[in-house]
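Below, each chain spelled out in residue letters.
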Amino acid sequence: MTDTTDSVDVQSPAPDAEPAALEARSLTKHFPVRRGWGLRGGAVVHAVEDVSLVLRRGTVTAVVGESGSGKSTLARMLAQLIKPTAGEVFLDGAPAPAGGRSYAKLVQLVLQDPFASLNPIHGMRYILGRPLKIHGTAEGRASDEAIQDLLRRVALTPAEQFIEKLPHELSGGQRQRVAIARALAVQPRVLLADEPVSMLDVSIRLGVLNLLADLRDRERLAILYVTHDIASARYLADSIAVMYAGRVVEAGPAVQLTDHPQHPYTQLLLSAAPDPDRAEAPSLAGAGSPPSLVNPPSGCRFHPRCPFAMAKCAEQNPPAFEVGPGQTSACWLHETSSTVSATAVEERTTSSASSPSPTSSEPETPAG
Ligand code: ADP
Ligand code: MG
């Protein structure tokens, strides 16, 4: 992928070589806003705007962004739990069949909260036996053997003991392993993990991340790893898409992107997140806050917070410029130094209204 691969990172090589399992093609989600918020009728939350993303077999793709940037909405559209306002989900290169059981068998969602996601009155035999039965795997029945096999796949051993446990007898990390095992019970090809470690103690996060890396490598799953923590994305993922206010602002190979971030927002995110063991979401205080998505900023949604904003940035949304091998950044700073990536050309408006020409893709330190 790059020659900068760090020994502590666990990415697999050459993610681009793998076939696409699940794709978001220009997905957009606008939620209607209910009355009583002091807003006009017909107002919408522009939660996700024209997001394209490819999840490949045997790779982890991370979606990174602050709270409210649209990550969960994107994951829920990919899981077909909500319908996109526009755009399409593609499964194995074809438009995905409507949701429901057959789709859920292929694409499984794992959520953030391992305490809420497991019914406290049921033991492991029931929690893991049910999806095995429903989806008709394990030779049509949920034998103890099949359940123990699942427990072993997520390293909950000795499995003969764990099969007897109730959720309250497990730690947070162990519960998240059970939630992952439950997702694996239906033998999915795609695992969508929405902040799977952010509610866990720092000390047990790495174990769950390594489990996901293991599932990618051993079982060739295509994994979406949603996180607010760019350091954990670098550690686990093969590629990263950085979201800001509903749009992907930068995407590329994980190590390359984090070593050489090109978008000012990615640079800000990295400067606020030097510590991979950070328990909390990085605070970007002092650098403004995410915008209202009811009335998102014109042009580039990051421009009100951007230290390098130019007049053009308030007028036109920047297309994705190619800024490195497989790396794109949606920022007007790259306009003179790069070519527009193929997918972005059509978005580009023809208006050539007076735009100050930026001089470099390496912006100077802002004054002030
Ligand atoms: P993230 O997962 O990155 O924190 P979300 O996808 O949950 O972000 O939310 C993106 C935006 O969409 C937020 O402004 C959120 O308030 C809004 N949103 C999410 N779900 C709904 C909904 N069902 N109705 C209205 N707004 C929603
Ligand atoms: Mg979320």
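Our subject is the structure listed above.
Residues numbered from 1 in each chain as written. Chains lettered and ligands numbered in written order. Predicted model: local features only at pLDDT ≥ 70, side-chain atom pairs only at ≥ 80, totals over all residues. Heavy atoms only, no water.

Let us now look at the pairing of strand S3 (residues 60-64). Within S3, five of the five residues are buried, leaving the element largely enclosed by the surrounding structure. Residues of S3 alternate between two faces, with Val 60, Ala 62 and Val 64 on one and Thr 61 and Val 63 on the opposite face, all of them buried. With five bridges connecting them, S3 and strand S8 (residues 222-227) associate as parallel partners. Bridged to Thr 61 within S8 is Leu 224. (Buried < 20%, exposed > 50% of the residue type's maximum accessible area, 1.4 Å probe, protein only. Helix = DSSP H or I, 4+ residues; strand = E, 2+ residues; numbered from the N terminus. Pairing = 2+ DSSP bridges.)

What follows concerns the pairing of strand S7 (residues 190-194). Counting buried residues along S7, five of its five residues qualify, which places the element largely inside the surrounding structure. Burial along S7 is two-sided: the face carrying Val 190, Leu 192 and Asp 194 and the face carrying Leu 191 and Ala 193 are both buried. As judged from the four bridges shared by strand S6 (residues 107-110) and S7, these two strands associate in the parallel manner. Considered in S7, the bridge of Val 110 is made with Ala 193. Sheet topology places S7 next to S8; five bridges connect them, and they run parallel. What sits directly across from Ala 193, in S8, is Tyr 225. For the segment spanning S7, helix H7 (residues 202-219) and S8, crossover handedness is right-handed. (Right-handed = clockwise from strand over helix to strand, strands pointing away.)

Topologically, Glu 195 is positioned in the loop between S7 and H7. Look past the residues within four positions of Glu 195 in its chain and what remains in contact with it is Lys 71, Gln 112, Val 226, Thr 227 and His 228. (Contact = heavy atoms within 4.5 Å.)

This next bit is on the packing of aromatic side chains. Under the criterion given, the structure shown has four aromatic pairs. Ring centres 4.7 Å apart and planes at 55° place the aromatic pair Tyr 244 and Tyr 265 in the tilted group. One end of the pair, Tyr 244, is in strand S9 (residues 239-244); the other, Tyr 265, is in helix H10 (residues 264-271), with 21 residues separating them in the sequence. Taken together, the aromatic side chains of Tyr 244, Tyr 265 and Phe 302 make up a single cluster linked through ring pairs. Here the basic side chain of Lys 165 rests over the ring of Phe 162, its NZ or CZ set 5.8 Å away from the ring centre. (Phe/Tyr/Trp six-rings, centres within 6.5 Å; stacked < 30°, edge-to-face > 60°. Lys NZ or Arg CZ within 6 Å of the ring centre and 35° of its normal.)

Now for the sheet that holds S7. Ordered by their spatial adjacency, eight strands build an open sheet running S6-S7-S8-S3-S9-S10-S12-S11, and the pairing between neighbours is mixed. In this open sheet, the two edge strands, each paired with only one partner strand, are S6 and strand S11 (321-324). Strand-to-strand twist of the sheet, defined as the mean angle between neighbouring strand axes without regard to direction, takes the value 20°. One ladder, built from six bridges, connects S9 with strand S10 (residues 247-253); its direction is antiparallel. Looking at S10, one finds that Ala 241 is bridged to Ala 251. Packed onto the sheet, helix H1 (residues 71-78) meets S3, S6, S7, S8 and S9 and runs at close to 155° relative to S8. In the packing of H10 onto the sheet, the strands contacted are S3, S9 and S10, and the crossing angle to S9 comes to about 100°. (Axes fitted to C-alpha atoms, helices over the stretch in contact; angles between N-to-C directions.)

Turning our eyes to something else, we now look at empty space enclosed by the protein. Evaluation of the coordinates by the stated rule reveals two cavities of 30 Å³ or more. In this model, the second largest cavity occupies a volume close to 80 Å³. Together, 14 residues line the second largest cavity, and Cys 300, Cys 306, Cys 313, Cys 331 and Trp 332 are the ones closest to its centre. A class-by-class count of the residues in the lining of the second largest cavity yields twelve nonpolar, two polar and no charged. (1 Å grid on protein atoms, 1.4 Å probe; cavity = no way out; pocket = protein on both sides within 12 Å on 5 of 7 lines; lining within 4 Å. Points joined across faces, edges and corners; volume = space filled by probe spheres on them. Nonpolar A, V, L, I, M, F, W, Y, C, P; charged D, E, K, R; others polar.)

With that settled, the discussion passes to the layout of surface pockets. To locate leftover empty space, one rolls a probe as large as a water molecule over the atoms. Roughly 610 Å³ of internal volume is contained in the second largest pocket. Surrounding the second largest pocket, 26 residues form its lining, Ala 104, Gln 108, Leu 109, Arg 182 and Ala 183 being those nearest its centre. Broken down by element, the residue count for the lining of the second largest pocket peaks at five residues, all from helix H3 (residues 124-134). Within the lining of the second largest pocket, the residues separate by chemical class into 15 nonpolar, eight polar and three charged.

Reading across the sheet, the four strands line up as S2-S1-S4-S5 and stay open at both edges, with antiparallel pairing between neighbours. The sheet is open, and its two edges are formed by strand S2 (44-56) and strand S5 (94-95), each paired on a single side. As judged from the two bridges shared by strand S4 (residues 86-91) and S5, these two strands associate in the antiparallel manner. The residue of S5 that forms the bridge with Leu 91 is Ala 94.

These figures come from the coordinates and say nothing about function on their own.
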